[in-house]
Amino acid sequence: MNPARAAALLNGRAQAFSIGLGGERITDQDIAHALGKLWHEGARLYGRAKWAGQEQSFAPLLAHFLNSVKALQSFDCWIDIKPGELERIAKLALVESLYPKLCSTCGGLGTIMVEKQKRGRPRLKKTPAAVLKIPCPKCLGEGIQEHAEFALAKTAQVSRRRWANVWSYRYHRQIQPLLDKYERLFWVGIRRALRENKA
């Protein structure tokens, strides 16, 4: 879904707009009601913080996410953790997910416009070239640019060597997928709640 439309959908101050082919209107009361019906607390807080712009949801979301990461830590028996490290890395993952770094080439759109190149001898007259919309080659159509490993280590206040040996795999393969799960659950729940609300 387009982030601008998602933000409009979930922002309580957004104007009502039409969805679907039936032209049903969604109001701010519908949105608030749909957010309240989400059963997963992490997904609800994540949606409020990321898509509704409710910054006061960040602290409870961080606490909930930290509890999830600690459960993952105890399940996988992470034994080489220094004091305060887990909290800093959980906050880093949350901030990186809520406020991603946009791609510098496409500006976060995921696509770029390029002129279609014609084969053969160029014409004498200048004619407008066709424009093609292609996926951004830098971000591969995602619209976001990943941070370098050394920048993540520096932000988490962990040495590069420790980040590479201990945290890089855990961060990318175990901690970030928790946030992906929150976002997935949020979208599934919000769509279901809005459908039920309009039924």
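Please read these numbers as outputs of a predicted model, since none were measured by experiment.

Break down helix α5 (residues 85–98) for me, citing the residues and quoting the values.
Count 3.6 residues to each turn of an α-helix, and residues three or four apart come out pointing the same way. Look at α5: 20 Å from first C-alpha to last across 14 residues, which is about the 20 Å you get at 1.5 Å a residue. Burial analysis of α5 places 10 of its 14 residues in the buried class, the great majority of the element. Along α5, the residues that are buried comprise E85, L86, I89, A90, L92, A93, L94, E96, S97 and L98.

Give a description of the environment of F58 that names residues and reports values.
For F58, the position within the fold is in helix α4 (residues 58–76). Each C-alpha atom of the pair F58 and R48 lies 8.6 Å from the other, and the pair is 10 residues apart in sequence. With residues near it in sequence (within four places) discarded, F58 still touches K91, L94, V95 and L98.

Please set out the environment of G42 residue by residue, giving values where relevant.
Structurally, G42 can be placed in helix α3 (residues 41–50). On the basis of relative accessible area, G42 is assigned to the buried category, the value being 0%. Through-space distance from the C-alpha of G42 to that of F65 is 7.0 Å; in sequence the pair is 23 residues apart. Apart from the residues within four sequence positions on either side, G42 is in contact with L61, H64 and Y182.

I'd like a rundown of the side chain of E183, residues and numbers included.
Relative to the elements of secondary structure, E183 occurs in helix α7 (residues 160–198). Here Y46 takes part through its side chain, which lies 3.0 Å from a polar atom of the side chain of E183. Apart from the residues within four sequence positions on either side, E183 is in contact with Y46, K50 and W51.

Rules behind the numbers
- Residues numbered from 1 in each chain as written.
- Predicted model: local features only at pLDDT ≥ 70, side-chain atom pairs only at ≥ 80, totals over all residues.
- Heavy atoms only, no water.
- Helix = DSSP H or I, 4+ residues; strand = E, 2+ residues; numbered from the N terminus.
- Expected span 1.5 Å × (residues − 1).
- Buried < 20%, exposed > 50% of the residue type's maximum accessible area, 1.4 Å probe, protein only.
- Contact = heavy atoms within 4.5 Å.
- Polar contact = N/O pair within 3.5 Å; in protein donor to acceptor, adjacent residues only side chain to side chain.

Purely geometric numbers; function is a separate question.
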